[in-house]
Amino acid sequence: MEFDFESLPPQDRYRLLCSFVAPRPIALVTTTAADGTPNAAPMSFFNVFSQDPPIVILGIQARPDGTEKETMRNIRRSGEFTVNLCDMAIAQQMVDCGIGFADAVDEVALTGLSHAPSLKIAPARVAEAPASLECRTERIIDYPRRAIVLGEVVQMHVRDACLDAAGRYVRPEAYQPVARLHADNYIVSDRQFVLTATETLKAATGS
Ligand SMILES: Cc1cc2nc3c(=O)[nH]c(=O)nc-3n(C[C@H](O)[C@H](O)[C@H](O)COP(=O)(O)O)c2cc1C
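Notes on the structure in this doc start here. (Residues numbered from 1 in each chain as written. Predicted model: local features only at pLDDT ≥ 70, side-chain atom pairs only at ≥ 80, totals over all residues.)

Side note on the sheet that holds strand β6 (residues 80-85)
The strands making up a sheet associate through hydrogen bonds between their backbones, and the pairing can be parallel or antiparallel. Quick reminder of the rule: At least two bridges found by DSSP between two strands are what make those strands a pair. Put simply, DSSP marks the helices as runs of H or I at least four residues long and the strands as runs of E at least two long, and each gets a number from the N terminus on. Geometry is summarised by axes, namely lines fitted to C-alpha atoms with helices restricted to the contacting stretch, and by angles between N-to-C directions that run from 0 to 180 degrees.
Reading across from one edge, β3-β2-β6-β9-β10-β5-β4 is the order of the seven strands in this open sheet, with antiparallel pairing throughout. Here the strands that pair on one side only, and so sit at the sheet edges, are β3 (38-43) and β4 (46-51). Adjacent strand axes in the sheet meet at a mean angle of 35°, parallel and antiparallel pairs treated alike. Judged from the six bridges that link them, strand β2 (residues 27-32) and β3 form a sheet pairing that is antiparallel. Within the sheet, the bridge partner assigned to alanine 27 lies in β3 and is methionine 43.

Re unusual backbone geometry
For clarity, the threshold we go by: The exposure scheme places C-beta atoms from the backbone and then counts, for each residue, the other C-beta atoms within 10 Å of its own, assigning buried at 20 or more, exposed at 12 or fewer, and partly exposed in between.
Along the chain, alanine 22 connects to proline 23 via a cis peptide bond; the corresponding omega equals 0°. Considering the arrangement of structural elements, one finds proline 23 in the loop between α1 (10-20) and β1 (24-25). At the junction of aspartate 52 and proline 53, the peptide bond is cis and its omega measures out at 5° in the coordinates. On the secondary structure map, proline 53 appears in the loop between β4 and β5 (54-61). Of note, the phi angle at alanine 183 is positive, near 45°, even though the residue is not glycine. Locating alanine 183 in the fold gives a position in the loop between β11 (178-180) and β12 (186-188). On the neighbour-count criterion, alanine 183 (9 C-beta atoms within 10 Å) is exposed.

A few points about the environment of methionine 88
As a reminder, the rule being used: Contact between two residues is assigned whenever their backbone-derived C-beta positions fall within 7 Å.
As for its placement among the helices and strands, methionine 88 is situated in the loop between β6 and α3 (91-96). Residues methionine 88 and alanine 179, 91 residues apart in the sequence, show an inter-C-alpha distance of 9.8 Å. Each residue touching methionine 88, except ones within four places of it in the same chain, is listed here: Gln176, Val178 and Val188.

Considering the pairing of β2
By the criterion of burial, β2 is predominantly enclosed, with six of the six residues buried. Side chains Ala27, Val29 and Thr31 project from β2 onto one buried face, and the interleaved Leu28, Thr30 and Thr32 project onto a second face that is buried too. Counted between consecutive antiparallel strands, the loop separating β2 from β3 contains five residues, among which glycine 36 sits at a positive phi close to 95°.

Concerning the sheet that holds β1
Overall, antiparallel pairing links the three strands, which are arranged β1-β11-β12 in an open sheet. Single-partner strands in this sheet number two, and they are β1 and β12. Direction of pairing for β11 relative to β12: antiparallel, over a ladder of three bridges. Bridging across to β12, alanine 179 finds its partner in isoleucine 187.

Examining the site of the ligand
What counts here: For each residue, a C-beta atom is placed from the backbone, and the residue counts as near a molecule or strand when that atom lies within 6 Å of it. Residues were grouped as follows: Ala, Val, Leu, Ile, Met, Phe, Trp, Tyr, Cys and Pro as nonpolar; Asp, Glu, Lys and Arg as charged; and all remaining residues, including Gly, as polar.
The ligand sits among 17 residues. The nearest are Ala41, Phe45, Lys69, Thr71 and Gly98. Secondary structure elements with two or more residues in the shell around the ligand: β3, β5 and α2 (70-78). With four residues, the single largest contributor to the shell around the ligand is β3. Residues belonging to the shell around the ligand are distributed by class as follows: seven nonpolar, seven polar and three charged.

Okay, here's the thing in structure tokens:
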């Protein structure tokens, strides 16, 4: 099948892109409202794109009525957000944080998660997350119905068990992130394997 993205309606482009560019990691993004109310929402248009500078990117869609989601409003105002990585232990709470609650709702508390203070920014992180990134907005690219947020990671928290004793290598049996496939389908990283380049081909290049 062929799909001409220059004439395809946006909803069809969304369905195809999300079905095949998958699995996508999930950022449970926390921000703080002007009155101090914490906010949390999952975002799977998310990934890391650079370590120097350390940049993560979020793609935040406008609501169907054209208004901005609370996450985006809070990021625009404060320039700060946290990205909390998600494993099976918090997968249900992560999905529930995506329900369109009113601004006054603290999704972290409502879903039974808890806040842990961040070190460099105001928004609290999610205590139960295996890892969290404190981010400051590096830039925002605005499209009519979508904002692309580039965030610079200024601090990272990792649960001790997820790293080896030296703090260098991830322990795959302890860190098994959940990622989004299509629609309400998800996958957990519990069948990890090691794959290296073919030795004879490497040898042929002298590397
Ligand atoms: C797993 C998952 C991933 C999501 N990814 C995104 C995303 O990348 N961008 C987006 O705009 N909304 C995404 N959503 C929807 C938002 O989480 C949802 O609209 C939420 O209510 C926004 O909350 P807020 O108004 O507090 O920001 C996702 C929802 C789920 C469950």
